[in-house]
Amino acid sequence: MKWCPGSVIHLLRCVRLRSCGRRGKSRLPPWIRKIWAYMRLLLQSLCFNSLTNSDVVFDSLFEPIFWTVEYVTRWFGVVFVVLVVILISSIVVIAYIVLLPLILNTYSPAWIAWHVCYGHWNLVMIAFHYYKATKTSPGFLPKEISDTPFVSVCKKCILPKPARTHHCGICNRCILKMDHHCPWLNNCVGHFNHRYFFSFCLFMTLGCVYCSISGRNLFIDAYNALESTFQTAPPPYTFKDKMIHKSIIYMWVLTSTAGLSLGALTIWHAVLISRGETSIEKHTNKSETKRMAQKGRVYRNPFHYGRLNNWKIFLGVEKRSHWVTRVLLPSGHPPYGDGLTWNIFSVHNDLIPV
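Bear in mind that the values here come from a model prediction, so they are computed numbers and not experimental data.

Novice: Looking at this structure, how should I read the UniProt feature "transmembrane region" (unreviewed entry) in the chain?
Specialist: The positions that UniProt labels "transmembrane region" (unreviewed entry) are, in the present scheme, residues 72-99, 111-131, 196-213 and 249-271. Helix makes up 100% of residues 72-99 and strand 0%, with an end-to-end C-alpha separation of 38 Å. When the span residues 249-271 is considered, its composition is 100% helix and 0% strand, and the gap between its end C-alpha atoms is 33 Å.

Okay, here's the thing in structure tokens:
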């Protein structure tokens with residue numbers, strides 16, 4: 001015996017009519033059901049579309065938290081910058097008032113020349129790159145409509161976004177080749193100031209390591225001197241001596257902790273630069289690699305030109321002398337390109353051959 005589709009549908013209708021007959025008193029009138037259906041459709045149209053996914057739902061639920069963090073970071077950015085300037089200035093003051101006289105009185109002329117030359121060179125590099133990183137615009141997406149190729153549309157700015165462009169909620173604008181928003185700079189790290197940010201982290205790490213290593217013996221002596229003051233017969237230290245000891249301890253502890261944290265951050269960004277990616281692209285490339293692997297394909301970063309070429313493009317090195325004039329000395333040269341288009345093949349083959 002074969003079942004006919006029409007008979008099956010008729011049987012289901014009969015069962016439905018019987019169940020509805022039993023609940024006839026509790027069933028809503030048709031006009032109320034129509035209004036209810038329309039309200040449900042209206043609600044779904046406001047919070048659902050074909051692009052809705054888990055990320056959109058997550059962003060919507062945590063939007064108040066994101067807004068609070070962005071608001072606080074935006075207004076406290078100036079405070080963070082002032083704090084950085086105060087901390088660096090305090091170390092410089094201690095170096096000139098406390099350390100420099102000790103160096104001049106105890107070290108040989110060769111060591112004095114080394115400390116004076118290296119210390120001032122490192123200080124100039126830190127001050128120059130920090131100033132440029134805070135004052136240089138990271139590169140904003142132009143609001144005028146152009147023929148620039150784009151890969152997506154920003155949900156906040158409602159503007160087409162070129163490759164490597166991302167929206168910053170704190171700056172409330174789309175940033176070209178955005179890496180992250182740095183509260184210690186009160187600025188975004190993007191296409192035009194990425195080199196300044198990395199150079200500041202690098203030379204700041206070198207300066208902290210230099211102060212930590214060269215001041216280790218002074219720190220031990222100052223710590224032992226302060227420890228001896230708690231004994232029954234403390235040595236006759238004056239107020240000036242105690243302040244010098246505390247200043248040395250403060251400098252060594254601050255530079256050691258800052259050197260460790262900044263050193264880890266600098267190594268992390270050095271690895272990203274070697275791979276030709278930013279902090280944001282690190283996550284997007286990882287997810288894209290997994291997605292392509294599920295399809296049996298291999299994903300390759302289109303902005304990876306080889307490690308040496310990545311560094312040359314990032315630092316703006318076109319010839320050997322630029323390693324000195326543009327890397328070891330302060331230089332305000334702009335990066336390659338405008339951040340809107342990325343001519344991959346011409347850069348890879350013609351610009352900086354290895």
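Novice: What am I meant to see in helix H4 (residues 63-106) here?
Specialist: For an α-helix the count is 3.6 residues per turn, leaving residues at separations of three or four pointing the same way. With 44 residues, H4 ought to run about 64 Å at 1.5 Å a step, and its terminal C-alpha atoms sit 60 Å apart, in line with that. Along H4, the largest kink reaches about 45° and is centred on Phe 76. Buried residues of H4: Thr 73, Gly 77, Val 81, Val 84, Ile 88, Ser 90, Ile 91, Ile 94, Val 98, Leu 99 and Ile 103, and no others. Here the buried face of H4 lies against helix H5 (109-135), strand E5 (180-182), helix H6 (194-214), helix H7 (216-228) and helix H8 (239-275).

Novice: In this structure, what is going on with the packing of H7 against H8? I would like to understand it.
Specialist: Relative orientation and spacing of two packed helices are given, respectively, by the angle between their axes and the distance between those axes. Direction vectors running N to C along H7 and H8 enclose 130°, while the axes themselves pass 9 Å from each other. With respect to H8, the axis of H7 lies oblique. In this structure, H7 meets H8 at a crossing whose hand is left-handed. Along its contact with H7, which presents Arg 216, Leu 218, Phe 219, Ala 222, Tyr 223, Ala 225 and Leu 226, the element H8 presents His 245, Lys 246, Ile 248, Ile 249, Trp 252 and Val 253.

Novice: When you look at the environment of Asp 241 in this model, what are you seeing that I'm missing?
Specialist: Mapped onto the elements, Asp 241 comes out in helix H8. You can call Asp 241 partly exposed: its relative accessible area is 28%.

Novice: Help me understand the nonpolar core in this model?
Specialist: Most often, soluble globular proteins have nonpolar side chains that are buried together. Membership of the largest hydrophobic core comes to 18 residues, with the highest contact counts inside it found for Ile 88, Ile 126, Tyr 130, Leu 185, Phe 197, Phe 200 and Met 204. Counting only elements with at least two residues in this core, the list comes to H4, H5 and H6. Of the residues forming this core, the biggest block, seven residues, is contributed by H6. Grouped together as the second largest cluster of nonpolar side chains are 13 residues, Tyr 118, Ala 222, Ile 248 and Met 251 included.

Novice: I would appreciate a short explanation of the state of the cysteines in the present structure.
Specialist: Put plainly, a disulfide is one covalent bond tying together the sulfur atoms of two cysteines. This model, assessed by the stated rule, comprises zero disulfides. No disulfide involves Cys 168; its sulfur sits 3.2 Å from the nearest other cysteine sulfur, which is in Cys 188. Owing to a relative accessible area of 2%, Cys 168 belongs among the buried residues under this scheme. Note on Cys 182: no disulfide assigned, nearest cysteine sulfur contributed by Cys 201 at a separation of 7.0 Å.

Rules used throughout
Residues numbered from 1 in each chain as written. Predicted model: local features only at pLDDT ≥ 70, side-chain atom pairs only at ≥ 80, totals over all residues. Heavy atoms only, no water. UniProt positions renumbered as here; feature names shortened; annotations may be inferred. Helix = DSSP H or I, 4+ residues; strand = E, 2+ residues; numbered from the N terminus. Expected span 1.5 Å × (residues − 1). Bend = angle between axes of the 7 residues up to and from the residue. Buried < 20%, exposed > 50% of the residue type's maximum accessible area, 1.4 Å probe, protein only. Contact = heavy atoms within 4.5 Å. Axes fitted to C-alpha atoms, helices over the stretch in contact; angles between N-to-C directions. Parallel < 35°, antiparallel > 145°, perpendicular 65-115°, else oblique. Left-handed = near helix turned anticlockwise from the far one by under 90°. Core = buried A, V, L, I, M, F, W, Y, C linked by side-chain atoms within 4.5 Å. Disulfide = S-S within 2.5 Å.

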